[in-house]
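Read off the chains here:
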Amino acid sequence: MQIRVLNVSQAAAENRLDGALAALDALEKDLESAAGGGLVSASRYRDIEAALTAVRAEISRHIEAQAAAASTAKAAAVAAEPPTADASGAQSQPVPPQPEEPAAAPVPESAPQGPELPDAAKDSKGKAKGTGKP
C-alpha cells in the first residue's frame with residue numbers, strides 16, 4: 001500500500017490530478033478490502049483513511065482552482081473579442097473615427113522690404129568671385 005500512496009503523491013506532484021484521484025479511489029477500495037479481511041487493524045485503518053481524506057480534499061482544491069482559472073481565462077478571452085453579431089443577427093460595424101479638421105496654417109508675413117539696390121548690385125547676386133573659384 002505504501003507504493004500506491006507514493007503513486008498518488010507522484011501523480012499529484014506532476015499535476016496529473018485526475019490520475020491521482022483515480023489512484024486514490026483504487027487505494028481506498030483496497031484499504032476497505034484489507035480492513036475487511038483483518039489485514040489492517042481498526043486503528044491503522046482510521047489513520048490511513050484520515051490521511052486519504054486529507055489528500056483527496058487537497059487534490060479537489062487544486063482541481064477547483066484550475067477550473068476557476070480556466071473559467072476566468074475563458075471569460076477574459078471572450079471579453080477581449082470584438083462583438084460579431086447582435087441579437088437580431090445583423091453584424092455590428094465599428095464606427096470609423098471622424099478625421100479632425102486641420103488647423104488653418106498661419107499666413108506668412110511678407111518679408112520687410114529693404115532699401116532698393118542699384119541695378120548693378122542686382123545683376124551680381126549669386127555671381128560672387130571669391131578665392132578658389134575658376
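The present account deals with the structure reproduced in this document. (Residues numbered from 1 in each chain as written. Predicted model: local features only at pLDDT ≥ 70, side-chain atom pairs only at ≥ 80, totals over all residues. Heavy atoms only, no water.)

**Topic: the overall build of the protein chain**
Right, on to step 1. Summing up its helical and strand segments, the protein chain has 4 helices and 0 strands in all.
Right, on to step 2. Secondary structure elements of the protein chain occur, N-terminal to C-terminal, as α-α-α-α.
Right, on to step 3. When burial is assessed residue by residue, the protein chain has 10% of its 134 residues classed as buried.
Right, on to step 4. Within the protein chain, counting contacts between residues at least 6 apart in sequence, those at least 24 apart form 49% of the total. (Helix = DSSP H or I, 4+ residues; strand = E, 2+ residues; numbered from the N terminus. Buried < 20%, exposed > 50% of the residue type's maximum accessible area, 1.4 Å probe, protein only. Contact = heavy atoms within 4.5 Å.)

**Focus on the packing of helix 2 (residues 17-36) against helix 3 (residues 42-80)**
Right, on to step 1. Two elements in contact, helix 2 and helix 3, have axes separated by 10 Å at closest approach and are oriented at 165 degrees. Regarding the angle of helix 2 to helix 3, the classification is roughly antiparallel. The chirality of how helix 2 crosses helix 3 is left-handed. Along the contact surface, helix 2 presents Leu17, Asp18, Ala20, Leu21, Leu24, Asp25, Leu27, Glu28, Leu31, Glu32 and Ala35, while helix 3 presents Tyr45, Ile48, Glu49, Leu52, Val55, Arg56, Ile59, His62, Ile63 and Gln66.
Right, on to step 2. Its residues assigned to classes, the contact of helix 2 with helix 3 shows 13 nonpolar, 2 polar and 6 charged. (Axes fitted to C-alpha atoms, helices over the stretch in contact; angles between N-to-C directions. Parallel < 35°, antiparallel > 145°, perpendicular 65-115°, else oblique. Left-handed = near helix turned anticlockwise from the far one by under 90°. Nonpolar A, V, L, I, M, F, W, Y, C, P; charged D, E, K, R; others polar.)

**Here's the deal with the packing of helix 1 (residues 2-13) against helix 2**
Right, on to step 1. Contact geometry of helix 1 with helix 2 gives a least axis separation of 8 Å together with a crossing angle of 165 degrees. Judged on the interaxial angle alone, helix 2 and helix 1 are roughly antiparallel. The hand of the helix 1/helix 2 crossing is left-handed. Each of Arg4, Val5, Val8, Ala11 and Ala12 in helix 1 lies in contact with helix 2, whose residues at this interface are Leu17, Gly19, Ala20, Ala23, Leu24, Ala26, Leu27 and Asp30.
Right, on to step 2. For the contact of helix 1 with helix 2, the per-class residue count stands at 10 nonpolar, 1 polar and 2 charged.

**Observations regarding the layout of surface pockets**
Right, on to step 1. In this structure, the largest pocket occupies an estimated 270 Å³ of space.
Right, on to step 2. Of all the elements in the fold, those that place two or more residues in the lining of the largest pocket are helix 1, helix 2 and helix 3.
Right, on to step 3. When residues in the lining of the largest pocket are grouped by element, the largest group, 7 residues, is from helix 3.
Right, on to step 4. For the lining of the largest pocket, the per-class residue count stands at 12 nonpolar, 2 polar and 2 charged. (1 Å grid on protein atoms, 1.4 Å probe; cavity = no way out; pocket = protein on both sides within 12 Å on 5 of 7 lines; lining within 4 Å. Points joined across faces, edges and corners; volume = space filled by probe spheres on them.)

**Observations regarding helix 1**
Right, on to step 1. Taking 1.5 Å as the rise per residue, helix 1 with 12 residues should run 16 Å; its terminal C-alpha atoms sit 16 Å apart, in good agreement.
Right, on to step 2. In the segment just after helix 1, Asn15 is the residue with positive phi, at about 65 degrees. (Expected span 1.5 Å × (residues − 1).)

**Notes on the nonpolar core**
Right, on to step 1. Among the nonpolar cores identified, the biggest contains 14 residues, and Leu24, Leu31, Val40, Leu52 and Ile59 are the most heavily contacted of them.
Right, on to step 2. Counting residues per element, the ones that place at least two in this core are helix 1, helix 2 and helix 3.
Right, on to step 3. Of all the elements, helix 2 adds the most residues to this core, at 7 residues.
Right, on to step 4. Once residues within four sequence positions are removed from consideration, Leu52 is found in contact with Leu24, Leu27, Glu28 and Leu31. (Core = buried A, V, L, I, M, F, W, Y, C linked by side-chain atoms within 4.5 Å.)

**Comments concerning unusual backbone geometry**
Right, on to step 1. Here the phi dihedral of Asn15 falls at roughly 65 degrees; this positive angle occurs in a residue that is not glycine.
Right, on to step 2. Secondary-structure assignment places Asn15 in the loop between helix 1 and helix 2.

**Describing the pattern of salt bridges**
Right, on to step 1. Following the criterion strictly, the structure yields 5 salt bridges and no others.
Right, on to step 2. We note a salt bridge from Arg56 to Glu28, for which the minimum N-O separation is 2.6 Å. Taken together, the residues Arg56 in helix 3 and Glu28 in helix 2 connect sequence positions 28 residues apart.
Right, on to step 3. With relative accessibility at 24%, the residue Arg56 sits in the partly exposed group.
Right, on to step 4. Under the relative-accessibility criterion, Glu28 is labelled partly exposed at 23%.
Right, on to step 5. In this structure, the salt-bridge partner of Glu58 is Arg61, at a minimum N-O distance of 2.6 Å. Within this pair, Glu58 and its partner Arg61 are both found in helix 3, separated by 3 residues, close to a single helical turn.
Right, on to step 6. Since its relative accessible area comes to 37%, Glu58 is described here as partly exposed.
Right, on to step 7. One network of salt bridges, in which partners are shared, links Asp25, Glu28 and Arg56. (Salt bridge = Lys/Arg side-chain N within 4 Å of Asp/Glu carboxyl O.)

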